[in-house]
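# Summary of structural features
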Amino acid sequence: MTSPGLNEDKVALSPLIKRRIDTLHADKMAINDQKMKLIGPLDLDDWGFVHFPDFTFEAPPEALRDDGIICGYIPIGLTMRAFMNAMPKYINKNSALGGAWIKPITDFAPIRMAPEDFPDELQPVWDKYHTFPGFGGMNHCAGDITIGLTLGWGGLLDKIRYYRAFNSPEDTSFYDGEELVVLGMQEYIAELAVEARRLAAEEKNPNDKENLNEIARINEWLVDNPPRTLREACQFIAHFQTLDRTYYVGGALDQLDEALRPYYERDAAEGILLDDEAVWYVASVFFNDTHYSQIGGLIPDGSRDMTSRMSFIILDAMHALKIPINIALRVSDKVNETLLRRSLEYTMEDGTGVDYSLNIGCEQGFSRNGYPLGLARKRAKVGCNWTAIPGIEYPLQDVTRCNLGFAFYHALQDVRVGERSLDYLYERLQFHTKAIVDSIKAGYDRHYEVVGRNTPEVVYNLFMHGPVERGLNCSEGGVDVLSFNIDGVALATVADSFAAIEQRIVKEQRITWDELFEVLDKNYEGHEDIRLMLANIKRFGSPDSAAEKWALKVRDHFVWCCKHEGTPKHNLPIIPGMFSHGTLIELGSRLPATPNGRKNYEPISHSNEPDPGFARGVDTFSPSLKATAVAHAQPGYGNSAPLHLDIDTDMLAKHGGMDALIALIHTHNHMGGTLINLNCLTEKILLEAHEDPSIHPDLIVRVTGYSAFFASLSKDYRQQIIDRFLSKRAG
Amino acid sequence: MQATIFDIQRFSVYDGPGARTAVFFKGCNLRCRWCHNPESIATQPALEYTPERCIGCGRCIVACPERAHAIDGEGRHVLDRDRCVACLACVDTCFAEALTGVGQAMTPDELVAAVLTDAPYYARSGGGVTLTGGDCLLQPEFVREVLTQLKAEDVHTAVDTAGNVPWEWIEPLLPLIDLFLYDLKAVDPAVHEAWTGVSNERILDNLHRLIEQECRVWVRVPLIPGCNDAEMPAIARFLAPLAVERVEIMPYHKLAQGKYAALGMEHTGPICAIPTDSEIAATLRLFTNNRLPAYAS
């Protein structure tokens, strides 16, 4: 759909603004090059920090416990305030905004969970199954940035003080800690303004001098006051990003187009803003950091898509800056088709595209947890795969991994000493899957009890509806919606293993159970033919395959384990997801060989996706085969299980190619998919960049839900992307 | 009733409008010397051998009733194509997939069930199913049954054909086919015969008849430098008065040469240069100057 009257034109940049943004791009490349040399590969999103190798910091002695750690509101508040004061005040004269974060505070100060609050009794279970328990997980929630934009830092401070007095709790440490964080931020901003004035005084170029003075004026205002203009709002957001990243590497932003739209419209109406200036301001936010944000999507009543001129400006800012940026475009049947098409054009041009958060699977799925559909529509894609209702929900997505590969491994060991049958194998898989899920649930109970007093969300608490009003950390009742996530991983590894046993041992009787155990114990050494026999079946993703039936069966049981009851002590609600992030290497690193032909310690399969190279016989690989499999195997309660598509640019360039891809996006939505991460690549460039990353330093790829410079990834990560891309031709 | 299918390519954007499922039939009665789908020529399944995948397990030697497989003195697998009757008994034992069967016998019901898994994508994209090959029209009864079932499901249908079949085979199918992708390699009968092994009178006649019947037709013209490139002006002139919906120029590529080796077929055709962008553009202009909507594929 298109919106009548909406200006959907691309923004023409003035020479000055184009030069500024181009220079920011070059500076970003130089910063990354320095980081690569000094730190090494970063298998994560761009994380826009500026590296200061000589920076040192010592936490205030009064913040430290006797055992040398820092935990709790006031010690963390003290440390944060000191850190924000100590941080170098970075200003780039080509940016519209000041400030940058420099690295997580936890790299400099021992902020962590107190050992006495750790659930030691659960650790053996987590070790047995190589589980990522999620206990102590941080930052996987999202603030409502409009709270900050409305109040400003001064207003946030006033709010903390007001509610401290109004509630008069016996223990005021929540408020005292939050107050210290805000004070630290105000002091940081004030110093930044001083630095901008100093740089302006030294600057010879009149344009740059004026820009630096403007940065100073904006920051002087923002110390105490809320933003009034789009540029001030962008500066506020950049500061939020700096603070959020510094504390536990938070990365969630919000519905960015709607957050900025009032400022844009007001400035435009007053005649003080041109569109290319707006592009520059937003590009400067992205230069500051690559927080996850969303554009487009339905308003809560579902009656219209909220795409605005601001959505197009954000897209153009992304495209102009040409660095990895984590924006999701929310797709529904009412999506603005021009915005959708342009996002694909930009992805095709240089990889700086968005990913696609799909409304049906996300919204209707989330409403199955008992929440109204209108509330579900407020969930925004604010993490690499995950969604949250900004300011209202504490979802802790993407912090757990229920390693179904290990559930299968232990089930197979039970079969070895018990009944040799598929039924028994599945029965034992059910047992071990439940054991893992139950252990994560028990860990969540403890998390709920203790994380607030150890490592509270001192940043997000400020930007959520409830924590300050109630004096409670968002994890323990500060917000209304607690929805603890558990991610199941290695679905294809397990499903293909079941199918291989069913076909080769049970039906065809080509090998026996004993032979299977023998070759697994030997890691297939000397038995490559058997390994290939097991690997080369119709795997998950092939139409009408036994493996797909196993995948759905295993998925169903995992979902049941999550959903049939809450956590054992507090009955906290659980939402199942299936997302592995980039952890498939690590999660396979302890898993012995599996009957799908996977050797010892090789990576597990990705999220709920088929393994690369799954297609067989007459059914050659196609994006729709993969998309259909991922849609069928969704966990179904609104948390994303992403589809990664590496599309050959040649296909998109073909007449009608983009229309077909748009159709695929919509169809995946209607089939219940939740998220599409899209790469448009050519084989030649990808292989060249893998061989020598320096040849294509600008190549941007979508690793999973986040984008990264290909050259910044480690060789293992680059290989994952190569395998994924080339496997479509391997069949 | 069965047909031998060697590929089901889903989400194809190269075989008609929208996202389509292209079904490749084995069997062709042309012998284009540049053929890029040599596996499509014979009607029966074929054995494809990819030596670099072989792990030397020797299972094929045991499985083969014709003793076509052996291990030579240096431990390398050797396939004797003269002995091989393409029974494909070895394929079932070759887990390394060095030996694979090209072609799978399918009934109309099986084929329709397979392609309909992508039906949701057709609806959104304006796509559908394209029967191609080889030449699917060499099996008109099978095609009629498949198309009848697809139309019952309201699926858009296209047939890609070289048109070298009796009109009586095509005519009954017309109500079932929404779009013809019609291959045209040359207008001059002698040139056509020299490069494809058959004359083109029937092909041109069938094309005229399709136009007379007001069928939707996209003409597909391979551009093979040194073979039929001199025919392009004549093809453009020939098509100019016809109500074809579009013309697709299909530039030569060299991707097929490995296929010939894997199938044990000798590649006797010319090794042509790949057309440059400017050559493709010039060819397109020939057609557009004749008011034909032409695109490069």
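The model shown is predicted, which means the values in this text are computed figures rather than measured ones. (Residues numbered from 1 in each chain as written. Chains lettered and ligands numbered in written order. Predicted model: local features only at pLDDT ≥ 70, side-chain atom pairs only at ≥ 80, totals over all residues. Heavy atoms only, no water.)

## Here's the deal with the overall build of chain A
Stated formally: Numbering goes from the N terminus for both helices and strands, where a helix is a DSSP run of H or I of at least four residues and a strand is a run of E of at least two. Two things to know: the radius of gyration comes from C-alpha atoms, and the globule rule equals 2.2 Å times the number of residues to the power 0.38. Only protein chains enter the accessibility calculation, which uses a 1.4 Å probe; a residue is then buried when its area is under 20% of its type maximum, exposed when over 50%, and partly exposed in between. Contact between two residues is taken to exist if any of their heavy atoms lie within 4.5 Å; hydrogens are not considered. Residue burial considers only the protein chains on display, and all accessible areas are found by Shrake-Rupley using a 1.4 Å probe.
Across its full length, chain A holds 26 helices and 15 strands. Computed over C-alpha atoms, the radius of gyration of chain A comes to 26 Å, within 12% of the 27 Å expected from 2.2 N^0.38 for 731 residues, which places it in the range of a compact globule. Judged by the C-alpha coordinates and their principal axes, chain A covers about 80 × 65 × 50 Å. Here chain A holds 731 residues, and 67% of them are scored as buried. Expressed as a percentage of contacts within chain A between residues at least 6 apart in sequence, the contacts between residues at least 24 apart total 77%. Total accessible area on chain A is roughly 23600 Å²; 52% of this is exposed by carbon and sulfur atoms.

## Observations regarding the overall build of chain B
We apply this condition: All tallies of charge rest on Lys and Arg as positive and Asp and Glu as negative; His and the ends of each chain are not included. Taken as the charge centre is NZ of Lys, CZ of Arg, CG of Asp or CD of Glu, depending on the residue.
A count of helical and extended segments in chain B gives ten helices and 13 strands. Taken along the three principal axes of its C-alpha coordinates, chain B extends 65 × 45 × 35 Å. Taken over 297 residues, chain B has a buried fraction of 54%. Taking contacts inside chain B between residues at least 6 apart in sequence as the whole, the part at least 24 apart equals 70%. Carbon and sulfur atoms form 51% of the exposed surface of chain B, whose accessible area is close to 12700 Å². One way to put it: in chain B the 25 positive side-chain charges average out to a point 3 Å from where the 38 negative ones average out.

## A word on a nonpolar patch on the surface
Formally: Nonpolar side chains (Val, Leu, Ile, Met, Phe, Trp, Tyr) are joined into patches within 5 Å and like charges within 9 Å, using only residues with over 30% relative accessible area and no salt bridge. Between Lys or Arg on one side and Asp or Glu on the other, a salt bridge is scored when a side-chain nitrogen of the former is within 4 Å of a carboxyl oxygen of the latter.
Among the surface-exposed residues, B:Ile61, B:Val62 and B:Ile71 lie close enough to one another that they form a single nonpolar patch of about 270 Å² accessible area. Here B:Val62 is to be found in helix α1 (residues 59-63).

## Here we look at the interface of chain A and chain B
Quoted interface sizes are often the accessible area lost when the parts come together. For clarity, the cut-off: In this classification, Asp, Glu, Lys and Arg are treated as charged, Ala, Val, Leu, Ile, Met, Phe, Trp, Tyr, Cys and Pro as nonpolar, and every other residue, Gly included, as polar.
Contacts between chain A and chain B engage 34 residues on the former and 27 residues on the latter. A:Asp619 is paired through a salt bridge with B:Arg10; the nearest N and O atoms lie 2.9 Å apart. Elements with a minimum of two residues in the side of chain A that touches chain B: α19 (528-535), α22 (623-632), α23 (649-653) and α24 (657-670) of chain A. Among the elements that take part in the side of chain A that touches chain B, α24(A) stands out by supplying eight residues, more than any other. Among the residues making up the side of chain A that touches chain B, the classes are represented as 15 nonpolar, ten polar and nine charged.

## Considerations on empty space enclosed by the protein
All names here are of chain B. Heads up, the condition is: With a 1 Å grid spanning the protein atoms alone, the term cavity applies to any set of points in which a 1.4 Å probe fits but cannot get out, the term pocket to an open set with protein on both sides within 12 Å along at least five of seven lines, and the term lining residue to any residue with an atom within 4 Å of a point. Grid points are joined across faces, edges and corners, and a volume is the space filled by probe spheres set on the points.
The tally for this structure, following the rule as stated, stands at five cavities of 30 Å³ or more. Residue lining of the largest cavity: 14 residues in total, with Cys54, Cys57, Gly58, Cys60 and Cys94 positioned closest to the centre. Split into classes, the residues belonging to the lining of the largest cavity amount to nine nonpolar, four polar and one charged.

## Examining the packing of aromatic side chains
Residues and elements named next belong to chain A. For clarity, the cut-off: Two aromatic rings from Phe, Tyr or Trp, using only the six-membered ring of Trp, form a pair when their centres are within 6.5 Å; if the ring planes differ by under 30 degrees the pair is stacked, by over 60 it is edge-to-face, and anything between is tilted.
Going through the model one piece at a time under the given rule, you end up with 33 aromatic pairs over all chains. With 5.7 Å between their ring centres and 90 degrees between their planes, Phe55 and Phe83 make a pair best called edge-to-face. One end of the pair, Phe55, is in the loop between α1 (15-38) and α2 (73-86); the other, Phe83, is in helix α2, with 28 residues separating them in the sequence. The pair formed by Phe55 and Phe83 is uniform in burial state, with each residue classed as buried.

## Here we look at the nonpolar core
The line we're drawing: We call a set of buried residues a nonpolar core when its members are Ala, Val, Leu, Ile, Met, Phe, Trp, Tyr or Cys and they connect through side-chain atoms within 4.5 Å of each other. Reported domain spans reflect what an automatic or database domain assignment gives.
Ranked by size, the top nonpolar core spans 231 residues in total, and within it A:Leu230, A:Phe286, A:Tyr356, A:Leu425 and A:Phe498 carry the most contacts. Both domains that furnish three or more residues to this core are identified here as domain 1 (3-43 + 103-296) and domain 2 (46-102) of chain B. With sequence-adjacent residues up to four places away left out, A:Phe498 is seen in contact with A:Phe408, A:Leu422, A:Leu425, A:Tyr426, A:Leu429, A:Trp550 and A:Val554. Counting 58 residues, the second largest nonpolar core, distinct from the first, contains B:Val146, B:Leu173, B:Leu176 and B:Leu292.

## Observations regarding the environment of A:Leu192
Residue and element names in this part refer to chain A. As for its position among the elements, Leu192 is in helix α5 (residues 173-202). Along the chain, Leu192 and Lys89 lie 103 residues apart, while their C-alpha atoms are 5.6 Å from each other. Residue contacts for Leu192: discarding those within four places in its chain leaves Lys89, Tyr90, Ile91, Gly98, Gly99, Asn219 and His239.

## Observations regarding unusual backbone geometry
Following B:Gly133, the chain continues to B:Gly134 via a peptide bond in cis, the omega torsion being 20 degrees. As for its placement among the helices and strands, B:Gly134 is situated in the loop between β8 (128-132) and α4 (140-152). Phi at A:Asp398 is positive, roughly 70 degrees, even though this residue is not glycine. With respect to the helices and strands, A:Asp398 occurs in the loop between β7 (393-394) and β8 (402-403). The exposure class of A:Asp398 is buried, given its relative accessible area of 10%.

## Looking at helix α10 (residues 277-288) of chain B
All names here are of chain B. Selection rule: By this rule, a helix spans an expected 1.5 Å times one less than how many residues it contains. What the arc describes is the spread of directions from the helix axis to the C-beta atoms.
Taking 1.5 Å of rise per residue, the twelve residues of α10 would be expected to cover 16 Å, and the 16 Å separating its terminal C-alpha atoms lies within 8% of that figure. Every buried residue of α10 is listed here: Ile280, Thr283, Leu284 and Phe287. Buried residues along α10 cover an arc of 100 degrees about the axis, so they all sit on one side. On its buried face, α10 sits against β11 (217-223), α8 (232-239), β12 (246-251) and β13 (294-296).

## Some details on the sheet that holds strand β13 (residues 675-681) of chain A
Residue and element names in this part refer to chain A. Rules: Here, a strand pair is defined by DSSP locating no fewer than two bridges between the strands. Comment: axis = line fitted to C-alpha atoms, over the contacting stretch for helices; angle = value between 0 and 180 degrees taken between N-to-C directions.
Here six strands make up an open sheet; going across it, the order is β1-β2-β3-β4-β13-β12 and the pairing mixed. Edge positions in the sheet fall to β1 (252-255) and β12 (643-648), since each of these pairs with one other strand and no more. Along the sheet, successive strands turn relative to each other by an average axial angle of 25 degrees, direction set aside. Two elements, strand β2 (residues 292-295) and strand β3 (residues 327-331), share three bridges in a ladder whose sense is parallel. Looking at β3, one finds that Ile295 is bridged to Leu329. Those strands touched by helix α12 (residues 359-367) are β3 and β4 (355-358), and its axis lies near 40 degrees from that of β4.

## Remarks on the domain arrangement of chain B
All names here are of chain B. Basically, it comes down to this: Take the accessible area each of two parts loses on contact, using a 1.4 Å probe, and add the two losses: that sum is the buried area. Polar contacts, as used here, are pairs of N or O atoms within 3.5 Å; protein pairs need one atom able to donate a hydrogen and one able to accept it. Residues neighboring in sequence count only if both atoms are side-chain atoms.
Here chain B is partitioned into domain 1 (3-43 + 103-296) and domain 2 (46-102). Averaged C-alpha coordinates put domain 1 and domain 2 at centres separated by 33 Å. Contact with domain 1, which involves seven residues of that partner, is made by seven residues of domain 2. The contact between domain 1 and domain 2 buries some 580 Å² in all, and 56% of this surface belongs to carbon and sulfur atoms. For domain 1, the biggest contributors to the area lost against domain 2 are Gly103, Ala262 and Leu263; these three give 69% of the whole. Where domain 1 touches domain 2, the interface holds three residue pairs in polar contact (both at pLDDT 80 or more). For the side of domain 1 that touches domain 2, the per-class residue count stands at three nonpolar, two polar and two charged.

## Topic: the side chain of A:Asn608
Residues and elements named next belong to chain A. You can see Asn608 is positioned in the loop between α21 (584-588) and α22. One polar contact links the side chain of Asn608 to the main-chain carbonyl oxygen of Val630, over a distance of 3.2 Å. Polar contacts involving the side chain of Asn608 include one to the main-chain carbonyl oxygen of Ala633, which spans 3.0 Å. Other than its neighbours up to four places away in sequence, Asn608 contacts Leu491, Phe540, Met578, Val630, Ala633, Gln634, Ala641 and Pro642.

## Quick word on the pairing of strand β10 (residues 484-489) of chain A
Residue and element names in this part refer to chain A. Counting buried residues along β10, six of its six residues qualify, which places the element largely inside the surrounding structure. Of the two faces of β10, the one lined by Phe484, Ile486 and Gly488 and the one lined by Asn485, Asp487 and Val489 are each fully buried. In this sheet, strand β11 (residues 574-577) lies alongside β10 in parallel orientation, the contact comprising four bridges. Opposite Asn485, over in β11, you have Ile575 as the bridge partner.

## Brief notes about the pattern of salt bridges
Residues and elements named next belong to chain A. Applying the stated criterion across every chain yields a total of 64 salt bridges over all chains. Across the pair Glu202 and Arg198 runs a salt bridge, and its minimum N-O distance is 2.8 Å. Within this pair, Glu202 and its partner Arg198 are both found in helix α5, separated by four residues, close to a single helical turn. Taking the relative accessible area as the measure of exposure, Glu202 reaches 48% and is therefore partly exposed. A salt bridge links Asp480 to Arg470; the nearest nitrogen and oxygen atoms lie 2.6 Å apart. With a gap of ten residues between them, Asp480 in the loop between α16 (467-470) and β9 (481-482) and Arg470 in helix α16 connect regions that are remote in the sequence. For Asp480, a relative accessible area of 59% gives the class exposed. Taking the relative accessible area as the measure of exposure, Arg470 reaches 37% and is therefore partly exposed.

## Description of the sheet that holds β8(A)
Residue and element names in this part refer to chain A. Spatial ordering of the open sheet is given by β8-β10-β11, a layout of three strands whose pairing is parallel. Where the open sheet ends on each side, the last strands, each with one partner, are β8 and β11. When β8 meets β10, the two strands line up parallel, connected through two bridges. Residue pairing for β10: Cys402 is matched across the bridge by Gly488.

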